[in-house]
Amino acid sequence: MKKLLLWLLGILGMLVLLVYIFVFSPIGNAIIKPIAQTQINKYSPLPLTLDRFSLGLTSTHIVLKNGEKLIIDLSGRYNLFTLGVDFDLLVDANDISLLGEMAGIELAGAFEVRAKAVGKVLDELVVSATSNIARSTSAFNATLYDLMPTKITAKISAMRIDELLAMLGQKPYISGVLGLQADITGTQDKSPNFNGQATLAITQGGFSKELIQKDFDIEIPRTSWSANLSAIFDMDTIKHNLAFNANVGRIISSGDTQLSPLLTKSTYSINLSDISAFTPLVGMKIRGAFRTNGEVIGGASQMKISGKSDIAESNTTYTALLESFSPKKIAFDSKNLKLEQVFFMLHLPKYATGLEDTSGEIWDLDKGISAQVISSLKGMVIGDTIKREFDLAMPNTPFSYKSNARLQKGVGEADFTLESSLANLVLNPIAIDLNSTTITTPYTITIPNLKALKFLTGIELLGKIEANGKVKIAQSIEADFHTQSLGGQLDVKLNGDDFSAKLNDLDTLSLLKMAQYPQIFSAKANGKLTYNLARQSGNLRATLSQGHFIKNDLSNLLQQHVQFDLTGLMFNSVGIESQINKLHLTSTFSAKSGNFSMQGDSILTDLEKNSIKATLKTAIKQDSIDVHINGTLSAPQIEVDFSEFVRKKAEQVIQNEFDKHKDKAIDALKGLFQ
């Protein structure tokens, strides 16, 4: 038994010796170093070279490098049996851009951190560190008992916020000098009980006018600010006070937070006369005054934020419920929101004025969004703004709308009703699918006075239109339009930029009356119009049937000079074809009835200038007449060239007279030679 025990002790001693030789001796370090380098190459998020590796039974010295950009130097002594340590750490980052590659953000600059840990890991351990991050003088000290902090002191002096932002890959839109003082003492038990205070102060705060102007094309006023945050630790409660003071207003907050459980009850107030300097925080151009106040109650599991605001001179209340600090449900109610003030705050032209009421709830923000929102507005479209921004001579137009939206996890319905002096529009129901970004809705529209839409159509129209159809908005816009307001059926389709219209038995008199053109021809029109909105070009092919001319200047001239009654003819298969370029039409026209025919090529119509230029080749039996039409479409000048007709008639008269007297002439000639 004694020999067996000696053998076991010998084997154990050999194992300890082998472990020591393999791990803690220079020979073992030489063996482990390439193995450790291989593992570093495999798992390190950035390339590091194990420049030095020395691991002894009571001390170590390890140096990792990335050229001269980054040096990590860890050295010190330790006791494996008592877990006592005395370590020194140096992190010398001369170019932190390589850390940005690891973090996935752009970093720039340099810093140095020196840290020291002295004590026993599971007893009392003192950790201290100094740094020059962002040109600061920073020091941190912590005493831990069984790895729980019992005393923390920290001091940061003259940290430059703009340099800190630049180091973190953020544009230095704000600047200031940050200072921190903290002296906090805790108990040695595991409960989070602390006493002491911490104070953070930012002085010489400002916003970079030049950088904000460059990135957001907005000029902000000179804005200076300072901020102070104080926290008093009283056992398991922290009392905080925050004050942000600027020449444009103030932000304050105060309250109590219990560390276990993590519960807070705080109030806040924001009163700013100009928020333009905060444009980078929002990510878009903003300006104007903003005021709100409210309270925050709850903890990590559930928190409630409620308050009120007079944004855009409204009376607004809101509530937000958070779970694990993520929004769970948002409710809001806003009365008399000034539309023109919203345009002003967003740096948009004042397209309209008006007052809007809206209320609702939004939830399931992480599941496609569920919502119930009701809104209504009464306002006035400002014609001068529409003219300036879109070159459309739209008059000042009163309007109102009502809408009601209902969504369940991104899918739902809404209804929308718009009333104005120009048009009345009803969308109901609007099918919404936010998951596929698709909106589909039937609609009905009534335009009581087409003349009022001249600013949009480019030509003055009379009458009214009632129509209906369906609209689908996805990757592009698809829509159709149906009306019987023109004496027949008009069916229109829009697919992206492609526009087409099918004409079924449209009444030409209704069309001519609507366009305020002379009502000279009555017929039923059938055909198709195609047009590309992007190219602003297309063509029209139409056939007129059951047509007849109504008494007009042309019919009067033909009746007077050739004793031909044009109004008594019936026309079928009258062909019209037009090539369209914006508001310019180049057309051909052909019509035939019995012994009468009319042909026109290269008929030029300018709808923008309301002008026409055409020559119509007209044949009556065997006679030819040219009809010239020039001038305005509403009152064209018609000239009929009877010269060929007169010449031919004169020849016929002469021929008839010659035929009538030729026998006498021949007898007379014979008598002369007898």
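Residues numbered from 1 in each chain as written. Predicted model: local features only at pLDDT ≥ 70, side-chain atom pairs only at ≥ 80, totals over all residues. Heavy atoms only, no water.

A tally of helices and strands in the protein yields 12 helices and 36 strands. The burial tally for the protein puts 34% of its 674 residues in the buried class. Contacts in the protein between residues at least 24 apart in sequence constitute 38% of all its contacts with a sequence separation of at least 6. In the form shown here, the protein has an accessible surface area of approximately 38,800 Å², with 59% of it arising from carbon and sulfur atoms. (Helix = DSSP H or I, 4+ residues; strand = E, 2+ residues; numbered from the N terminus. Buried < 20%, exposed > 50% of the residue type's maximum accessible area, 1.4 Å probe, protein only. Contact = heavy atoms within 4.5 Å. Areas by Shrake-Rupley, 256 points an atom, 1.4 Å probe, with all protein chains shown as cover.)

Our focus in this paragraph is the pattern of salt bridges. Overall, the coordinates contain 18 salt bridges when judged by the stated rule. A salt bridge links Asp-391 to Lys-387, with the nearest nitrogen and oxygen atoms 3.0 Å apart. The class for Asp-391 is exposed, based on a relative accessible area of 56%. For the salt bridge of Asp-415 with Arg-406, the shortest nitrogen-to-oxygen distance reads 3.5 Å. We classify Asp-415 as partly exposed; its relative accessible area is 22%. Here the salt bridges share partners, and the residues they tie into one network are Asp-86, Asp-88 and Lys-116. (Salt bridge = Lys/Arg side-chain N within 4 Å of Asp/Glu carboxyl O.)

Along the chain, Phe-244 falls in strand E12 (residues 237–246). In this structure, the C-alpha to C-alpha distance between Phe-244 and Ala-201, residues 43 residues apart in sequence, is 9.9 Å. If we ignore the near neighbours within four places in the chain, the residues touching Phe-244 are Trp-225, Ser-226, Ala-227, Gly-249, Arg-250, Ile-251 and Phe-278.

Residues of helix H11 (residues 553–562) that are buried: Leu-554, Ser-555, Leu-558 and Val-562. Considered in projection along H11, the buried side chains sweep an arc of 100 degrees and stay on one side of the axis. The first or second residue beyond H11 is Gln-563, which carries a positive phi of 50 degrees. (Arc of directions from axis to C-beta.)

On to the nonpolar core, then. Leu-558, Leu-566, Phe-571 and Phe-596 are the most contacted members of the largest nonpolar core, which totals 64 residues. Discounting residues that sit within four places of it in the chain, Phe-596 has contacts with Leu-558, Phe-564, Leu-566, Leu-569, Phe-571, Ala-591, Thr-618, Ala-619 and Ile-620. Counting 43 residues, the second-largest nonpolar core is a separate cluster that includes Phe-53, Phe-111, Phe-216 and Ala-246. (Core = buried A, V, L, I, M, F, W, Y, C linked by side-chain atoms within 4.5 Å.)

Another aspect to go through is the confidence of the model for the protein. With 90% of its residues at a pLDDT of at least 70, the protein reaches an overall mean of 84. Every residue in residues 1–11 is under pLDDT 50, and counting partners more than four places away or in other chains gives 0 contacts. Within the model, pLDDT remains below 50 along residues 668–674, and this stretch shows 0 contacts once partners closer than five positions in the same chain are excluded. (pLDDT = per-residue confidence, 0-100.)

Right, let's get into the environment of Asp-73. Inspection of the secondary structure assignment puts Asp-73 in strand E3 (residues 70–79). With 41 residues separating them in the primary sequence, Asp-73 and Arg-114 have C-alpha atoms 9.6 Å apart. Ignoring anything within four residues of it in the chain, the contact list for Asp-73 reads His-61, Ile-62, Val-63, Asp-88, Leu-89 and Leu-90. Within polar-contact distance, the side chain of Asp-73 engages the side chain of His-61 at 3.0 Å. (Polar contact = N/O pair within 3.5 Å; in protein donor to acceptor, adjacent residues only side chain to side chain.)

Both faces of the sheet carry side chains from a regular strand, because those side chains alternate between them. Judged from the 10 bridges that link them, strand E13 (residues 249–258) and strand E14 (residues 263–272) form a sheet pairing that is antiparallel. Bridge pairing in E14 links Ser-254 to Thr-267. Hairpin remark: E13 followed by E14, antiparallel, with 4 residues in the connecting loop. As defined by bridge partners, E14 adjoins strand E15 (residues 290–299) across 10 bridges and the pair is classed as antiparallel. Considered in E15, the bridge of Lys-265 is made with Ile-297. (Pairing = 2+ DSSP bridges.)

A few words on the pairing of strand E27 (residues 489–495). One ladder, built from 6 bridges, connects strand E26 (residues 477–483) with E27; its direction is antiparallel. If you follow Glu-478 over to E27, its bridge partner there is Asn-495. Counted along the chain from E26 to the antiparallel partner E27, the turn is 5 residues long, and its residue Gly-487 has a positive phi close to 80 degrees.

The next point concerns the environment of Ser-376. Mapped onto the fold, Ser-376 is located in strand E20 (residues 370–381). With a relative accessible area of 26%, Ser-376 lands in the partly exposed category. Excluding residues that lie within four positions of it along the chain, Ser-376 makes contacts with Leu-355, Glu-356, Asp-357, Tyr-401 and Lys-402.

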